[in-house]
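Remarks on the overall topology
Chain by chain, the residues:
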Amino acid sequence: MPVMADSSAMDATTSTGDHAASGPRWGDLGALCLTFFSLGVTVNVLVLDRVGSESLTIVAAVAINSATTELAYLAVRDAGGTQLAAVIAGWVVASRFGLLAVSLGARLRVGTWHRAAAGLQSFDPNVTWAIQQRQPRDVVRVFWRATAAMHLGWLSGIAVGVFLGNVIGDAQRFGLDAVFPAALLAIIGNLLRRRSGALAAAVGGGLCLLLIPITPAGVPIIASLVGAVVALATMPEETL
Amino acid sequence: MSWAIVAVLAAGVWVQRLLGMFVGGRVLSRQPALGRLATLIPAAVVMAVIVQLTVASGRSLELDARAVGMAAAGILVWRRAPFVVVAVAAAVATALVRMI
């Protein structure tokens, strides 16, 4: 194993190329844009149905910047939960963005304001693609490209969901609810090809599966962090 | 959901993202032994999100059309299919199972 100053950069590269060497291709960014478009439509149709105000739906989507938070809040309210319980559920499910920001923060070599802006835009796809880049400048480039593609899709999805929602009909009938998890799987595909990444995912996913029926919303996602720690502890030297 | 609730939810999400970036991120970048967590955290956390979106229905587990869509996606990711093919195939497989 060659000695490198930045061991995480070494670990982040894969032998397969794909996103690791040059980042996502334009086609991948287009697919990411479409994924967030379908997410924007489906989520905001739901939110508008509950809150009844177009302006509040749009502001909530842009300001909160976390579809899972909105859905968790509404799910608890629908189930008869208090405002406080619903808000806490919304915060807890957003903790994954805090964890992803930790990942990105470890690889980012930029100034304070740039870090703050990037931190506030930490999502699954852009962080996962960015941290697979070897060079610090590629981390930044890939992160913002993916962020732009996501927001283009998310914002146009909000517009369509809010103003044309009723013409889309039942999104589930078209399998649109499967697009987001499938896209996430494609995005972590390279991480899963390494034994440490596969172990982290297996433990994290398995723990989540066990905890879904017995813990409140959001907790299974936070607990999945254990998978990363287990992989770190049991495979300290793997570089593949 | 009111304007005040939107503000409170947004504040909680913003604070967590900034804490992750400025506190957690700094700790990881200064501790080489922990540096690899930067790639392991997304693998674990994103897989948990995938599991939740695929088999959870509230707090119960359900194997339905989504699982078929994700199985199709899994095979395609393993075969290194392009991103857009994976996403479309998952939607089509899920929709087909729901039609049956």
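Everything quoted here is computed from the prediction, not taken from an experiment.

Rules of the game
Residues numbered from 1 in each chain as written. Chains lettered and ligands numbered in written order. Predicted model: local features only at pLDDT ≥ 70, side-chain atom pairs only at ≥ 80, totals over all residues. Axes fitted to C-alpha atoms, helices over the stretch in contact; angles between N-to-C directions. Helix = DSSP H or I, 4+ residues; strand = E, 2+ residues; numbered from the N terminus. Parallel < 35°, antiparallel > 145°, perpendicular 65-115°, else oblique. Left-handed = near helix turned anticlockwise from the far one by under 90°. Contact = placed C-beta atoms within 7 Å. Nonpolar A, V, L, I, M, F, W, Y, C, P; charged D, E, K, R; others polar. Core = buried A, V, L, I, M, F, W, Y, C linked by C-beta atoms within 7 Å. Buried ≥ 20, exposed ≤ 12 C-beta atoms within 10 Å, placed from the backbone. Domains from an automatic or database assignment.

With that out of the way, let us pick up the packing of helix α3 (residues 26-51) of chain A against helix α5 (residues 67-78) of chain A. All names here are of chain A. Two elements in contact, α3 and α5, have axes whose closest approach is 11 Å; the angle formed by their N-to-C orientations is 30°. Classified by the angle their axes make, α3 and α5 are roughly parallel. Judged by the sense of rotation from one axis to the other, the crossing of α3 with α5 is left-handed. Across the interface between the two elements, Leu39, Val43, Val47 and Arg50 of α3 pack against Ala67, Glu70, Leu71 and Leu74 of α5. Across the contact of α3 with α5, the residue classes tally to 6 nonpolar, no polar and 2 charged.

Before going further, it helps to spend a moment on the nonpolar core. In this structure, Ala182(A), Ala43(B), Ala44(B) and Ala90(B) are the most contacted members of the largest nonpolar core, which totals 107 residues. The dominant element in this core, judged by the number of residues it contributes, is helix α2 (residues 37-55) of chain B, at 13 residues. Ala182(A) has contacts with Gly69(B), Met70(B), Ala73(B), Val86(B), Ala87(B) and Ala90(B), leaving out every residue within four places of it along the chain.

Residue and element names in this part refer to chain A. Domain annotation of chain A identifies domain 1 (23-190) and domain 2 (193-240). In this complex, domain 1 contributes 10 residues to the contact, which on the side of domain 2 involves 9 residues. Those elements giving two or more residues to the side of domain 1 that touches domain 2 turn out to be α5, α6 (83-93), α7 (95-107) and α11 (179-192). For the side of domain 1 that touches domain 2, the per-class residue count stands at 7 nonpolar, 2 polar and 1 charged.

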